[in-house]
Amino acid sequence: NFVHRSNIRPHKEFVKYVAKPYDTPEMIGVKWQMDVKYVPTECYVGQIVYYDDNKYYQYTMIDEASRERFLYPYKEHNIQSTLDFVKRAIAYFGYAPAIIQTDNGAEFTNTKKPTEKVPKVHALDILLNKLHIKHQLIRAYTPRQNGKVERSHRSDQESFYNYLKFETYEELKKKMLKWNITYNNRPHSSLRNREGKKVWWTPLQTRADLLTL
């Protein structure tokens, strides 16, 4: 343009963002990835009384080291569902992780409004602080940083949702539980470290600790 051609303002070269190698922990309990996906509406074959009767959401928690997952369906993806799911995940795994990583969705974090100097503390952060768990957000618009849970969702679609039919919420819960067991018992090379040995870590928190909240 004219400003650049006339050398009125120095031209700044565009610096391409180069993704850094992702550091995957080799011990369980270091970091979990959490995400939400829509349950395909075509899987629902029950009676629709209200317009959103066929809308369900799958919450997913995955341990980065072992790739073990916990799944649970909800009728809404909101703060209440998120808090309930985190507690269920800790009860399922039997320990709490050092870090839970999420995207920047409203069910996980508060975005700063123009009128706010500091965004309000999200209910999830309040819960995780109580549990001494760090909440780590991925870079905005960079879902690959939560790649393990994203890839597991592709497996859900290919091996579960492409064949799923359900009529009720209770039926969905039972079938999702069965699929979760099947998924976790499939061979995963990630269960072993570089020396080919399984790696385990002393749990940071037991199920009993959750009952004191």
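Above this note sits the structure.
Residues numbered from 1 in each chain as written. Predicted model: local features only at pLDDT ≥ 70, side-chain atom pairs only at ≥ 80, totals over all residues. Heavy atoms only, no water.

### Side note on the sheet that holds strand β4 (residues 99-102)
And step 1. Read from one edge of the open sheet, five strands run β3-β2-β1-β4-β5, paired in mixed fashion. Only two strands of the sheet have a single neighbouring strand rather than two, namely β3 (69-74) and β5 (134-137). Within the sheet, the average angular offset between the axes of one strand and its neighbour, ignoring direction, is 25 degrees.
And step 2. Strand direction decides the pairing type here: strand β1 (residues 31-39) and β4, joined by three bridges, are parallel. From the neighbouring strand, Lys31 faces β4, where its bridge partner is Ile99.
And step 3. Sheet strands in contact with helix α4 (residues 147-161) are β1, β2 (56-63) and β3, and its direction is about 40 degrees off that of β1.
And step 4. Along the sheet, helix α5 (residues 169-184) makes contact with β1, β2 and β3, crossing β3 at roughly 170 degrees. (Pairing = 2+ DSSP bridges. Helix = DSSP H or I, 4+ residues; strand = E, 2+ residues; numbered from the N terminus. Axes fitted to C-alpha atoms, helices over the stretch in contact; angles between N-to-C directions. Contact = heavy atoms within 4.5 Å.)

### A few points about the nonpolar core
And step 1. Formed by 39 residues in total, the largest nonpolar core has its most connected members in Trp32, Met34, Met61, Phe85, Val86, Ile100 and Phe166.
And step 2. Going through the elements one at a time, β1, β2, β3, α2 (79-93), α3 (123-130), α4 and α5 are the ones with two or more residues in this core.
And step 3. In this view, Phe85 contacts Met34, Tyr59, Thr60, Met61, Phe70, Leu71, Tyr72 and Tyr74; residues no more than four positions away in its chain are not counted. (Core = buried A, V, L, I, M, F, W, Y, C linked by side-chain atoms within 4.5 Å. Buried < 20%, exposed > 50% of the residue type's maximum accessible area, 1.4 Å probe, protein only.)

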